[in-house]
Amino acid sequence: MQFSLKQDHFRPVMKADIRRFRPAHAGLFAVLASFSLSACGESQQQRAAPPPPAVTVAEPVKRSIVDYDEYVGRFVAVNSVEIRARVSGYLDKVHFTDGQLVKEGDLLFTIDKRPFQTALDQAKANMQRARADLAFAESDLERASQLVRDKTITQQAYDQRTQVKRVAEAGVLAQEAAVRQAELDLEFTELRAPVSGRIGDRRVSPGNLVTGGTTGTTLLSTIVTTDPIWFEFTFDEASYLRYERMAAESTDVASRGGSSQVRLKLIDEKDFSHVGRMNFIDNVIDKATGTIRGRAVFANKTNLVTPGMFGRIQVQASARYEALTIPDSAIGSEQARKFVYVVRPDDTVAQKYVTLGALSDGDRVVTEGLEPDDRVVVNGLMRVRPGIKVTPQRNGGTTTPAHSAAADTKK
């Protein structure tokens, strides 16, 4: 047998072999190819499917809650006094440092005393002369009484001496009043603190003439009391009506006749740590704003706050009641509605719309929409959506299946 290695002899032989081989084995190749592709797809799906995401859940906490309203206001001094001279004269000395704390009765200013001392001495001398005149008139009248009995003088002369005595008595009274006025003017040359508090700066320097009296007087300084201190704020008419109606059942709310406890925080504080009491509500609602003025009193032993400072006050707005609370971070927003994610008994996620109340010690009060045995997702909200399956865990990291959660709720 001879073989041909030429190309034109070899190619027809190969094409014929391939045509003979294809019908017999084409089906087998197709089955093997499809099996290989399906196995590869299933392996990729198994590797791509993630486990259920782990989320932290917690049951709502039932607590005794009191609602509070918050308002912004200013501190006001209980007493604010302007120091003005009562007598005119030249300012001699200033006895305080600007801005210091002073006590009632402390010497603040001194006006030159010399003119007033001279006026006092003159008034005392006039009083002595008036008393001498009275003594002479009394003795003269006593002599006249004997003479009139002896018919030595007429009744008219006796009446004249009686009149002289009465004029002398009036003169003594007038001079005594003049002495008291001169003593008072001399006392007014020393200006003392009428109240305890913090004094402002001096408005007049020594050597300047100050004007006293009742009009056009010179302002020398001001004193404001610091302990206790008032806090004034305004609230709307609806809140006023709510407080007054609640006051019929409880004395712990801000009403006109009560002294309810209030809490306050300053602008650089996070907690309402200052405790005070309501002591006044105004007697009229402002027509322009529809608000009414309220006032609370606070202790200020350390003089931390000063009049004019801003603060935020909490006023009790409800009686104590039972409510469910959850962490504020567990609440989501959907436009105007609020919702939470809860884990069902089969560990799937559901969305519940809730009605919220105020914050209480960092937790949010839920007034409607939750049950006490709901498992609320408090951590991992970005990894869940309604309908997916999750692995719920408590804050400590332990898994909480549905049956264990139900058992804990029953306990």
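Up top is the structure these notes are about.
Let me sum up the structure you'll find in this document. (Residues numbered from 1 in each chain as written. Predicted model: local features only at pLDDT ≥ 70, side-chain atom pairs only at ≥ 80, totals over all residues. Heavy atoms only, no water.)

## Comments concerning the overall build of the protein chain
Definition in use: The way it works is that DSSP assigns letters per residue, a run of H or I at least four long becomes a helix, a run of E at least two long becomes a strand, and they are numbered from the N terminus. Only protein chains enter the area calculation, which uses a 1.4 Å probe; residues under 20% of their type maximum are buried, those over 50% are exposed, and those in between are partly exposed. All accessibility values rest on the Shrake-Rupley procedure with a 1.4 Å probe; residue burial counts only the protein chains present in the view.
For the protein chain, the helix and strand inventory stands at five helices and 23 strands. For the protein chain, buried positions account for 33% of its 411 residues. Carbon and sulfur atoms make up 52% of the accessible area of the protein chain, which amounts to about 25,800 Å² in all.

## What to know about helix 3 (residues 155-188)
To keep things clear, this is the line we draw: The length a helix should cover is 1.5 Å for every residue beyond the first.
With 34 residues, helix 3 extends 50 Å between its outermost C-alpha atoms, agreeing within 8% with the 50 Å of an ideal straight helix rising 1.5 Å per residue. Listed in full, the buried residues belonging to helix 3 are Thr162, Lys165, Ala168, Val172, Val179, Ala182, Leu186 and Phe188.

## Some words on the pattern of salt bridges
This is how the line gets drawn: By convention in these notes, a salt bridge is any Lys or Arg side-chain nitrogen within 4 Å of a carboxyl oxygen on Asp or Glu.
Tallied over the entire structure, the rule returns 20 salt bridges. The residue Arg242 makes a salt bridge to Asp69 at a minimum N-O spacing of 3.0 Å. Note that Arg242 is positioned in helix 4 (residues 237-247) and Asp69 in strand 3 (residues 68-77), a separation of 173 residues in sequence. One salt bridge connects Asp282 with Arg293, and the closest N-O pair in it is separated by 3.7 Å. Here Arg293 lies in strand 15 (residues 291-298) and Asp282 lies in the loop between strand 14 (274-281) and strand 15, a separation of 11 residues in the sequence.

## Here's the deal with the sheet that holds strand 12 (residues 229-236)
Let me state the cut-off plainly: Paired strands are those between which DSSP finds at least two bridges. Convention adopted: a line fitted to C-alpha atoms gives each axis, helices being fitted over their contacting stretch, and angles between N-to-C directions are expressed from 0 to 180 degrees.
Read once around its circumference, the closed barrel built from six strands follows the order 3-12-15-14-13-16, with strand pairing classed as antiparallel. Averaged over all adjacent pairs, the angle separating strand axes in this sheet is 40°, with direction ignored. The sheet contact formed by strand 3 and strand 16 (residues 310-316) spans seven bridges and is antiparallel. From the neighbouring strand, Arg74 faces strand 16, where its bridge partner is Phe310.

## What to know about the packing of aromatic side chains
So the rule is basically this: Aromatic contacts are taken between Phe, Tyr and Trp rings whose centres are within 6.5 Å, Trp giving its six-membered ring; a plane angle under 30 degrees counts as stacked, one over 60 as edge-to-face, and the others as tilted.
Taken as a whole and judged by the stated rule, the model has nine aromatic pairs. On the numbers, 5.5 Å between centres and 65° between planes, the contact of Phe235 with Tyr243 is edge-to-face. Judged by relative accessible area, which is 0%, Tyr243 ranks as buried. By way of ring pairs, the aromatic residues Tyr71, Phe75, Phe231, Phe233, Phe235 and Tyr243 are connected into one cluster.

## Re unusual backbone geometry
Residues Asp227 and Pro228 are joined by a peptide bond in cis, for which omega reads 0°. One can find Pro228 in the loop between strand 11 (219-224) and strand 12. Its identity is not glycine, yet Gln335 carries a phi of approximately 60°, on the positive side. In this fold, Gln335 is placed in the loop between strand 18 (332-334) and strand 19 (337-343). Residue Gln335 is classed as exposed on the basis of its relative accessible area of 82%. Even without being a glycine, Asp347 presents a positive backbone phi close to 65°. In this fold, Asp347 is placed in the loop between strand 19 and strand 20 (349-360). When its relative accessible area of 16% is taken as the criterion, Asp347 is described as buried.

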